[in-house]
Structure formats: C-alpha cells, structure tokens
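# A look at the structure
Take a look at the letters that make up each chain.
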Amino acid sequence: MSIDIIDFDKPVPKHVAVIMDGNGRWAKKHGFAARLKGHEAGAETIRAVLRACDNTGVRYLTLYAFSTENWKRSKTEVAGLMELLRRFLIKNIDELIEKGIRLRAIGQIDRLPNGTRKELERSIEKSKHNTKLDLILALSYGSRTEIVDCIRQIASIVKDGKLAPEDISEETVKQHLYAPDIPDPELLIRTSGEMRISNFLLWQISYSEIYVTPTLWPDFREDDFYEAIADYQNRSRRYGGRKN
Ligand code: IPE
Ligand code: IPE
Ligand code: MG
C-alpha cells in the first residue's frame, strides 16, 4: 500500500482532524511501565502525518493533543506531556517553518504551564507567515467549553445592543469559535478503535466523515493516513439530500 491508493482526480480533504489516541495502550503493549513512553512515540507519528499532508495537499491538520478532561490524569503524566510538547516544539519548529507550516493552537492555552505556553507562543509567532499547511494543536481543548465561550461572546454583543437575537445565525456562531477562518474538517480520524468523539470539535464535525482505525497512534504511519483519505474518497457525502 502507498500513496497510489489515493485518486487525485477526486477531492482530497482540505482539513483533516485527528483524535490521536492509544499512546497508553502502546506503552503497555511494549512493556513500558510509563505511559509517557507511548506519548513520546506518538510525537514521532506527528512528523509522519505532516509528511503525508504535504504529499497529498491537505491544507489544515488539527490534532487533538490534550483535552480539558486530560487535566484529570496523574500529575506525572500531565507534567510529562507538557514537557514533551515543549521539547517537541524546540526540536521541530525550524524544520516545520522550512516546510511552510504555520503552527496554531485552539483551547485554553493560558492553563498550560509557563514554559510550555511560552514555547508555544514563540513557535506560533515564528511561523505565522507560512501558508502551505496550518498545523492546529488542540491543547487544553474542550468543545463544550469552546461553545460556552462562544455563547458568552455573542450574549455580550447582544447585551450591548449591537446584535438582535433573531440575527444570530450559524455564521455568527462560527465567527466566535476559536478559529473562525478554518473550514470545517471533511475528515475526522480516530486511532486505536474507540468509537467516540470525546468532546472534540462538536460544532465543526457536523458533516465530517469519520474514520476509525484500530491502529494505535504511535504505530500510525503515512500509509495509514493515505488509507484514510482513500476511504474518504469512496464515501458518498449527502448532507441530508438524496443520493445522486
Ligand atoms: C492519547 O493517548 C494521548 C492523550 C490523550 C494525551 P492516551 O493516553 O489516551 O492512550 P490510551 O487511550 O490510554 O491508550
Ligand atoms: C481524547 O482521548 C483526547 C486526546 C486524544 C487528546 P482520550 O483518551 O482522552 O479520550 P477518552 O477518555 O477515551 O474518551
Ligand atoms: Mg485514550
């Protein structure tokens, strides 16, 4: 299997969102007591997926890296993940920039530990002029929180008399989400077999095609990404209308 399974005469998704799951199971399977070993291996997968995006022309890649709920994990795991992210940025940002990648983040970034947040902000700033691929990291992200934040903003505009309730549209909502300029993902991938959304992009995935693979995130490679795109190309997207 290779990139040849993709039909470049058919549309390739512009935006792919990924729930990177299964790092803990991978660590266990390989006999590591520390779940962090799985997270470290998972960080390498990100590089492979970025290459696959480059090869297929995907324009936006959103990665669910840390959810609001993940703060409930052990102190050791949370600290390890935050340090891993900081080191990942230091190690990779120059190469990402060379490849034309713009780094972005969605979520409650101010909850991240200082060192990680600063490195993230530096990387975002450094890469902001790139236009080839937007890599959006969902960090301390929860979709319900995003929607609550959005409702608060709209309510305050209404309260100030600048918007009538009957003028609130789907577009108004979109404009107050964390990244209004990014189109909805056409394809959502979840690794390691779980058939759930886990509070990810609830508004944005209304009509996304969902692809769940049993492969654990640290084992996921370019070919797995190509397989997901090829599978997407064989779906019939109807949006509630009739089948052509
Ligand atoms: C996904 O892997 C990474 C994060 C949620 C940060 P998990 O850590 O959830 O791995 P499993 O689901 O326990 O295998
Ligand atoms: C979803 O994975 C969050 C991320 C991948 C960052 P989880 O492992 O946290 O989700 P649940 O607990 O299986 O729903
Ligand atoms: Mg998990």
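Please read these numbers as outputs of a predicted model, since none were measured by experiment.

Along the backbone of the protein chain there are seven helices and six strands. Listing each helix as α and each strand as β along the protein chain from the N terminus yields β-α-α-β-α-β-α-β-α-α-β-β-α. For the protein chain, whose C-alpha radius of gyration is 19 Å, the value lies close to the compact-globule estimate of 18 Å for 244 residues. Structurally, the protein chain occupies a C-alpha span of about 60 × 50 × 35 Å along its principal axes. Expressed as a percentage of the 244 residues in the protein chain, the buried residues total 47%. Of the roughly 12900 Å² of accessible surface on the protein chain, a fraction of 50% belongs to carbon and sulfur atoms. In the protein chain, 39 side chains carry a positive charge and 36 a negative one; their mean positions are 4 Å apart.

This brings us to helix H2 (residues 36-56). Helix length check: H2, at 21 residues, gives a terminal C-alpha distance of 31 Å against a target of 30 Å (1.5 Å per residue), a fit within 8%. One or two residues past the end of H2 sits glycine 57, with phi positive at roughly 85°.

On to the site of ligand 2, then. Every residue near ligand 2 is listed here: Ile19, Met20, Asp21, Tyr64, Ala65, Phe66, Ser67, Asn70, Arg73, Arg190, Arg196 and Ser198. Within the side chain of aspartate 21, an N or O atom sits 3.2 Å from an oxygen atom of ligand 2. At 2.6 Å from an oxygen atom of ligand 2 is found a side-chain nitrogen or oxygen belonging to serine 198. Across the complex, the protein chains shield 78% of the 390 Å² of accessible surface that ligand 2 would expose by itself. Per-element tally for the shell around ligand 2: the top contributor is strand S2 (residues 60-67), with four residues.

So, on to unusual backbone geometry. Non-glycine residue asparagine 199 carries a positive phi angle of around 65°. Along the chain, asparagine 199 turns up in the loop between strand S5 (187-191) and strand S6 (209-213). For asparagine 199, a relative accessible area of 14% gives the class buried.

Let us look at the site of ligand 1. The local shell around ligand 1 holds 13 residues, among which Asp21, Gly24, Arg25, Arg35 and Arg73 are the closest. Glycine 24 places a polar main-chain atom, nitrogen or oxygen, 2.9 Å from an oxygen atom of ligand 1. In the environment of ligand 1, an oxygen atom lies 2.7 Å from a nitrogen or oxygen atom belonging to the side chain of arginine 73. The fraction of the free accessible surface of ligand 1 (380 Å²) that becomes covered by protein chains is 87%. Mapped by element, the contributors of at least two residues to the shell around ligand 1 are helix H1 (23-29) and helix H3 (75-98). The class makeup of the residues in the shell around ligand 1 is three nonpolar, five polar and five charged.

Here we take up the nonpolar core. Core analysis: the biggest nonpolar cluster contains 42 residues, and Leu61, Leu135, Ile189 and Phe225 have the highest contact counts within it. Only strand S1 (15-19), H2, S2, H3, strand S3 (101-106), strand S4 (133-141), S5 and helix H7 (222-233) provide two or more residues apiece to this core. At eight residues, the largest contribution of residues to this core is made by H3. When residues no more than four places from it in sequence are discounted, the contact partners of leucine 61 are His15, Val16, Val18, Val49, Leu50, Cys53, Leu133, Asp134, Leu135 and Ile136.

Attention now moves to the environment of glutamate 170. Secondary-structure assignment places glutamate 170 in helix H6 (residues 170-175). C-alpha separation for the pair glutamate 170 and glutamate 83, spaced 87 residues apart in sequence, amounts to 38 Å.

Running from N to C, H3 and helix H4 (residues 114-126) point in directions that differ by 15°, and their axes come no closer than 9 Å. As judged from the angle between their axes, H3 and H4 are roughly parallel. For H3 against H4, the interelement crossing comes out left-handed. Residues Met82, Leu85, Arg86, Leu89, Ile90, Ile93, Asp94 and Ile97 of H3 lie in contact with H4, whose contacting residues are Gly115, Thr116, Glu119, Leu120, Ser123 and Lys126. Its residues assigned to classes, the contact of H3 with H4 shows seven nonpolar, three polar and four charged.

Analysis parameters
- Residue positions are counted from 1 within each chain, in the order its sequence is given.
- Chains carry letters from A onward and ligands carry numbers from 1 onward, assigned in written order.
- In keeping with the model being predicted, local features are shown solely for residues with a pLDDT of at least 70 and side-chain atom pairs are shown and tallied solely at 80 or more, while totals for entire chains, interfaces and linings include all residues.
- Computation of side-chain values covers all heavy atoms of the structure but excludes hydrogens and water.
- The way it works is that DSSP assigns letters per residue, a run of H or I at least four long becomes a helix, a run of E at least two long becomes a strand, and they are numbered from the N terminus.
- In this description the radius of gyration comes from C-alpha coordinates, and the expected globular size is given by 2.2 Å times residues to the power 0.38.
- Buried, partly exposed and exposed residues are distinguished by accessible area as a fraction of the type maximum, computed with a 1.4 Å probe on protein chains only: under 20%, between the cut-offs, and over 50%, respectively.
- Values of accessible area rely on a 1.4 Å probe in the Shrake-Rupley scheme; residue burial ignores everything except the protein chains shown.
- When charges are counted, neither His nor the chain ends are considered; positive counts come from Lys and Arg and negative counts from Asp and Glu.
- We put the charge of a Lys on NZ, of an Arg on CZ, of an Asp on CG and of a Glu on CD.
- Expected span, for any helix, means 1.5 Å times one less than how many residues it has.
- Here a residue counts as near a molecule or strand whenever at least one of its heavy atoms sits within 4 Å of it.
- Pairs of N or O atoms are called polar contacts if they sit within 3.5 Å, as long as, within protein, a hydrogen donor faces a hydrogen acceptor (for residues adjacent in sequence, only side-chain-to-side-chain pairs).
- Only Asp, Glu, Lys and Arg are considered charged in this grouping, and only Ala, Val, Leu, Ile, Met, Phe, Trp, Tyr, Cys and Pro are considered nonpolar; every other residue, Gly among them, is considered polar.
- Joining through side-chain atoms within 4.5 Å is the link that ties buried Ala, Val, Leu, Ile, Met, Phe, Trp, Tyr and Cys residues into a set, and such a set is a nonpolar core.
- The contact criterion used throughout is that any non-hydrogen atoms of two residues lie within 4.5 Å.
- Think of each axis as a best-fit line through the C-alpha atoms, taken over the contacting stretch in the case of a helix, with angles from 0 to 180 degrees between the N-to-C directions.
- The labels follow the angle: roughly parallel below 35 degrees, roughly antiparallel above 145, roughly perpendicular from 65 to 115, and oblique for the rest.
- When the near helix sits turned anticlockwise from the far one by under a right angle, the crossing is termed left-handed; a clockwise turn instead gives a right-handed crossing.

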